[in-house]
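# Observations on the three-dimensional arrangement
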Amino acid sequence: MNASTLNKVLKDESKIQLLKTEINAEVSAYEKLMQKTGSSINLYFNEDESTFLNTQGLSNLINQTLNGSLNNVELAYICDCLTLAENSEFENDLAKEIVFEIADPEIIGGYKSIEELKILAKSLQIK
């Protein structure tokens, strides 16, 4: 995944298919490796530009998952990449906490369910 593609999606939700196409093979490998205990998982995040994730952008990613444009594995992969990125910033601690909560399903006990994502999306609306 390229940071520039993610940034396009964060600015314009209609670009989601562009991101899905770019990460399709990566997410497929990610999902297969998540099923193997003790496997190391490669994340491919080309930081061709810096990324700033605000609560609106994160809310949009979660809502894209809730409406079926992304699946929960794709969302987890995106969040996993953001946790390891060197040139990513978060608007606030809440956005950062939620990204880390969604990332690395092996540690957190699985991919987030629709109900869990609804709760996270609602928490982003509270200011």
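Residues numbered from 1 in each chain as written. Predicted model: local features only at pLDDT ≥ 70, side-chain atom pairs only at ≥ 80, totals over all residues. Heavy atoms only, no water.

## So, helix α7 (residues 114-125)
Since the α-helix packs 3.6 residues into each turn, any two residues three or four apart lie on the same face. Heads up, the condition is: The secondary structure listing takes helices from DSSP runs of H or I that are at least 4 residues long and strands from runs of E that are at least 2 residues long, numbered from the N terminus. In this analysis, the expected span of each helix is defined as 1.5 Å times one less than the number of residues it contains. Burial classification: accessible surface area is computed with a 1.4 Å probe over protein chains only, and a residue below 20% of its type maximum counts as buried, one above 50% as exposed, and the rest as partly exposed. Comment: arc refers to directions from the helix axis out to C-beta atoms. Two residues form a contact once any of their heavy atoms are found within 4.5 Å.
Spanning twelve residues, α7 covers 17 Å between terminal C-alpha atoms, matching the ideal 16 Å at 1.5 Å per step. Taken residue by residue, α7 has Leu117, Leu120, Ala121 and Leu124 as its buried positions. Looking down the long axis of α7, one finds its buried residues gathered within 100° of arc, a one-sided arrangement. Those residues of α7 that are exposed and angled more than 90 degrees off the buried face are Glu115, Lys118, Ile119, Lys122 and Gln125. Lining the buried residues of α7 we find α3 (55-66), α4 (72-84) and α5 (93-102).

## Side note on the packing of aromatic side chains
Inclusion rule: Between rings of Phe, Tyr and Trp, where Trp is taken as its six-membered ring, a pair exists when centres lie within 6.5 Å; planes separated by under 30 degrees are stacked, by over 60 edge-to-face, and by other angles tilted.
The final tally for this structure, using the stated rule, is one aromatic pair. Between Tyr30 and Tyr77 the ring centres are 5.1 Å apart and the planes differ by 80°, which places this aromatic pair in the edge-to-face class. Within this pair, whereas Tyr30 is found in helix α2 (residues 16-34), its partner Tyr77 is found in helix α4, the two being separated by 47 residues in sequence. Each member of the pair, Tyr30 as well as Tyr77, carries the same accessibility label: buried.

## Side note on the confidence of the model for the chain
Stated formally: How sure the predictor is of each residue is captured by pLDDT, a score from 0 to 100.
Averaged over all residues, the pLDDT of the chain is 88; the fraction at 70 or higher stands at 92%. When pLDDT is averaged over each element of the chain, strand β1 (residues 51-53) comes out on top at 95 and helix α6 (residues 105-108) at the bottom at 66.

## Section: the pattern of salt bridges
If charged atoms from side chains of opposite charge come close, those side chains can pair. We apply this condition: We define a salt bridge as a side-chain nitrogen of Lys or Arg found within 4 Å of a carboxyl oxygen belonging to Asp or Glu.
This structure, assessed with the given rule, holds two salt bridges. The shortest N-O distance in the salt bridge between Glu74 and Lys20 comes to 2.9 Å. Separated by 54 residues along the polypeptide, Glu74 in helix α4 and Lys20 in helix α2 bring together distant segments of the chain. Between Lys112 and Glu101 there is a salt bridge, with its nearest N and O atoms 3.4 Å apart. Of the two residues, Lys112 is situated in the loop between α6 and α7 and Glu101 in helix α5; the sequence distance between them amounts to eleven residues.

## Here we look at the nonpolar core
Generally speaking, a soluble globular protein has its nonpolar side chains buried in company with each other. Note the following rule: In this description, a nonpolar core means a group of buried Ala, Val, Leu, Ile, Met, Phe, Trp, Tyr and Cys residues linked to one another through side-chain atoms lying within 4.5 Å.
Of all hydrophobic cores here, the largest spans 36 residues; its most connected members are Ile62 and Ile78. Looking at this core, the elements that each hand over two or more residues are α1 (3-11), α2, α3, α4, α5 and α7. The element best represented in this core is α4, accounting for eight residues. In this structure Ile78 touches Met1, Leu6, Leu19, Ile23, Leu61 and Leu70, once residues within four positions along its chain are discounted.

## Section: the packing of α4 against α5
Rules: A fitted line through C-alpha atoms represents every axis, and for helices the fit uses only the stretch in contact; the resulting angles, taken between N-to-C directions, go from 0 to 180 degrees. An angle below 35 degrees is treated as roughly parallel, one above 145 as roughly antiparallel, one from 65 to 115 as roughly perpendicular, and anything else as oblique. Crossing handedness: left-handed means the near helix sits turned counterclockwise from the far one by under a right angle, and right-handed means the same turn made clockwise.
Contact geometry for α4 and α5: axes closest at 8 Å, N-to-C directions at 120°. Judged on the interaxial angle alone, α5 and α4 are oblique. Both α4 and α5 take part in a crossing whose hand is left-handed. Residues Leu75, Ala76, Cys79, Leu82 and Thr83 of α4 form the contact with α5, whose participating residues are Val99, Phe100 and Ile102.

## Focus: the packing of α3 against α5
This is how the line gets drawn: Lys, Arg, Asp and Glu make up the charged group, whereas Ala, Val, Leu, Ile, Met, Phe, Trp, Tyr, Cys and Pro make up the nonpolar group; the residues left over, Gly among them, are polar.
The N-to-C vectors of α3 and α5 enclose an angle of 30°; their axes lie 10 Å apart at closest approach. Comparing their axes, α5 and α3 come out roughly parallel. The two elements α3 and α5 cross, and the hand of that crossing is left-handed. Contacts between α3 and α5 involve Thr55, Leu58 and Ile62 from the former and Ala95, Ile98, Val99 and Ile102 from the latter. By residue class, the composition of the contact of α3 with α5 is six nonpolar, one polar and no charged.

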